[in-house]
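Listed below are the residues making up each chain.
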Amino acid sequence: MTTAGTPVAVVTGASSGIGAATARQLAAAGHHVVLTARRKDRIEALAAELTAAGHRATAHPLDVTDRAAVDAFAESLERCDVLVNNAGGALGADPVATGDPADWRRMFEVNVIGTLNLTQALLPALTASGDGTIVVLSSTAGLSTYEGGGGYVAAKHGEHVLAETLRLEIVGTPVRVIEIAPGMVRTEEFATTRFRGDTEKAAKVYAGVAEPLTADDVADTIAWAVTRPSHVNIDLLVVRPRAQASNSKVHREL
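Criteria and thresholds
Each chain has its residues counted from 1, running along the sequence as written. pLDDT decides what is reported in this predicted model: residues at 70 or higher carry local features, side-chain atom pairs at 80 or more are listed and counted, and totals for whole chains, interfaces and linings draw on all residues regardless. Hydrogens and waters are ignored; side-chain quantities use all the structure's heavy atoms. Put simply, DSSP H or I for four residues or longer makes a helix, DSSP E for two residues or longer makes a strand, and each gets a number counted from the N terminus. Computation of the radius of gyration draws on C-alpha atoms alone. For the globule rule, the value is 2.2 Å times the number of residues to the power 0.38. Throughout, exposure labels follow a simple rule: accessible area from a 1.4 Å probe, protein chains only, divided by the maximum for the residue type, with under 20% read as buried, over 50% as exposed, and the rest as partly exposed. In this scheme, strands are said to pair when DSSP sees at least two bridges between them. Only the contacting stretch of a helix is used when fitting its axis, a line to C-alpha atoms as for every element, and angles between N-to-C directions run 0 to 180 degrees. We call two residues in contact when some of their heavy atoms are within 4.5 Å. Within this scheme, the nonpolar core is defined by two criteria: the residues are buried Ala, Val, Leu, Ile, Met, Phe, Trp, Tyr or Cys, and they are joined through side-chain atoms within 4.5 Å. Surface patches are drawn from residues lacking salt bridges whose relative accessible area is over 30%; two like charges belong together within 9 Å, two nonpolar side chains (Val, Leu, Ile, Met, Phe, Trp, Tyr) within 5 Å. The protein chains shown are the only cover counted for residues, whose accessible areas, like all others here, come from Shrake-Rupley with a 1.4 Å probe. The working definition used for a salt bridge is a side-chain nitrogen of Lys or Arg within 4 Å of a carboxyl oxygen of Asp or Glu. Counting rule for charge: Lys and Arg are taken as positive, Asp and Glu as negative, and neither His nor the chain ends is counted. A single reference atom marks each charge: NZ on Lys, CZ on Arg, CG on Asp, CD on Glu. Pairs of N or O atoms within 3.5 Å make up the polar contacts considered here, provided that, within protein, one atom can donate a hydrogen while the other can accept it, and that residues adjacent in sequence are counted only when both atoms are side-chain atoms. Classification of ring pairs uses Phe, Tyr and Trp, with its six-membered ring standing for Trp, and accepts pairs whose centres are within 6.5 Å; under 30 degrees between planes counts as stacked, over 60 as edge-to-face, and the remaining range as tilted. A ring has a charge above it when a Lys NZ or an Arg CZ is no more than 6 Å from the ring centre and no more than 35 degrees off the ring normal.

Asks: Is there a simple way to think about the overall build of the chain in this case?
Replies: For the chain, the helix and strand inventory stands at eight helices and nine strands. The globule rule puts the C-alpha radius of gyration for 254 residues at 18 Å, and the 18 Å found for the chain is close to it. Taking the principal axes of the C-alpha coordinates as reference, the chain spans close to 55 × 40 × 35 Å. Counting across all 254 residues of the chain, residues that qualify as buried make up 47%.

Asks: Would you take a moment to explain the sheet that holds strand S1 (residues 8–11) for this structure?
Replies: For sheets, the rule is that strands pair by backbone hydrogen bonds, running either parallel or antiparallel. Across the sheet, which stays open at both edges, the seven strands sit in the order S3-S2-S1-S4-S5-S6-S7 with parallel pairing between neighbours. Every interior strand has two partners, whereas the edge strands, strand S3 (56–61) and strand S7 (236–239), have only one. Taking each pair of neighbouring strands and ignoring which way they run, the sheet shows an average axis angle of 15 degrees. As defined by bridge partners, strand S6 (residues 175–182) adjoins S7 across four bridges and the pair is classed as parallel. Paired with Ile180 across the two strands is Leu237, which belongs to S7. Packed on one face of the sheet, helix H2 (residues 40–52) meets strand S2 (32–37) and S3 and runs near 175 degrees to S3. Packed onto the sheet, helix H8 (residues 215–226) meets strand S4 (82–85), strand S5 (132–137), S6 and S7 and runs at close to 160 degrees relative to S6.

Asks: Looking at this structure, I do not really get the nonpolar core. What am I missing?
Replies: A general trend in soluble globular proteins is that nonpolar side chains are found buried together. In terms of nonpolar packing, the biggest core is built from 35 residues, with Leu26, Val33, Leu35, Ile180 and Ile222 touching the most fellow members. Counting residues per element, this core draws most heavily on H8, at seven residues. Excluding residues that lie within four positions of it along the chain, Leu26 makes contacts with Ala9, Val11, His31, Val33, Val84, Ala223 and Val226. The next biggest cluster of nonpolar side chains, apart from the first, holds 23 residues, and it includes Val10, Val34, Leu118 and Ile134.

Asks: Looking at this structure, how should I read unusual backbone geometry?
Replies: Residues other than glycine predominantly adopt negative phi, and peptide bonds predominantly adopt the trans conformation. Phi at Arg196 takes a positive value of approximately 55 degrees, unusual for a residue other than glycine. Of note, Arg196 is situated in the loop between helix H6 (190–194) and helix H7 (199–205). By relative accessible area, which is 53% here, Arg196 ends up exposed.

Asks: What's the story with a negative patch on the surface in this structure? I'm lost.
Replies: Residues Glu211, Asp216, Asp217 and Asp220 make up a contiguous surface patch of negative charge. Looking at where Glu211 falls in the secondary structure, it is placed in the loop between H7 and H8. Taking the relative accessible area as the measure of exposure, Glu211 reaches 62% and is therefore exposed.

Asks: Would you take a moment to explain the environment of Pro212 for this structure?
Replies: In this fold, Pro212 is placed in the loop between H7 and H8. Owing to a relative accessible area of 7%, Pro212 belongs among the buried residues under this scheme. C-alpha separation for the pair Pro212 and Val84, spaced 128 residues apart in sequence, amounts to 22 Å. Among all residues touching Pro212, those that are not within four sequence positions of it are Met184, Arg186, Tyr206, Asp217 and Pro241.

Asks: Looking at this model, I keep getting lost on the side chain of Asn247. Mind explaining?
Replies: Summarising the element assignment, Asn247 is placed in the loop between strand S8 (244–246) and strand S9 (249–250). Using a relative accessible area of 18% as the deciding quantity, one classes Asn247 as buried. A distance of 2.9 Å separates the side chain of Asn247 from the side chain of Ser144, its partner in a polar contact. Asn247 has contacts with Thr140, Ala141, Ser144, Thr145, Tyr146 and Arg240, leaving out every residue within four places of it along the chain.

Asks: How do you make sense of the pattern of salt bridges when you look at a structure like this?
Replies: Two side chains that carry opposite charge are able to pair once their charged atoms sit near each other. A full pass over the atoms with the stated rule returns nine salt bridges. Of the charged contacts, one joins Arg39 and Glu189 as a salt bridge, the two residues approaching to 2.8 Å between their closest N and O atoms. With Arg39 in the loop between S2 and H2 and Glu189 in the loop between S6 and H6, this pair connects stretches of sequence that are 150 residues apart. A salt bridge links Glu189 to Arg42; the shortest N-O distance between them is 3.5 Å. Of the two residues, Glu189 sits in the loop between S6 and H6 while Arg42 sits in helix H2, which places them 147 residues apart along the sequence.

Asks: I'm lost on the packing of aromatic side chains in this one. Help?
Replies: To describe a pair of aromatic rings, one takes the distance between the centres and the angle between the planes. Taken as a whole and assessed by the stated rule, the structure comprises one aromatic pair. The lysine or arginine in question, Arg186, covers the ring of Tyr206, its NZ or CZ lying 5.8 Å from the ring centre.

So this is what it looks like as structure tokens:
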């Protein structure tokens, strides 16, 4: 992949939702976006779309939990200026007493270890760029708890702490650590995946909420934070729809 002087932005989980929307916005801002996700067909289609629009994009199928594959991916890059750790997700909404440990393990692997893998593998290149940016897409679930969300909340708290600790440890280096924590976002897959394809349960999450956040809303926030002047670090930005005051306080017009 030849990038010359164009800044390179790696976006994980770029096959749909917030990841795809972020890739579009960073490409429009002048980055060569490297799209990673497990679904090869999705990211290749997005890369083709962006290229046809006059932007620079490359698709690279990747499972963020596969450390060997992540390391090989990192070695294939000529440069990396921005890393958006977006890959993640929720599984189930069971109480702690009956939650499936396999679901908890998978959420931790993708949300926390996946972020750790990419961050460790690309940190040398981000530092070498002289002006690197790491974005961790966490969640308001990483800041406060709610019933039925134990596993996801635990994983997102882990991701939040990863970002906070990394910022302390690398202060003084030319790398920013930005955390974006969205609240209620309606995308085509998040809730459906959480409820294992049960579209009726997924729809209830947003029932009566006139305007949840969209993937584009969050992507706009990410792109804004990334494109601030180099000396400006957005440590933590919480973004919710107007109808949501907290994880458990949502105005619904039913």
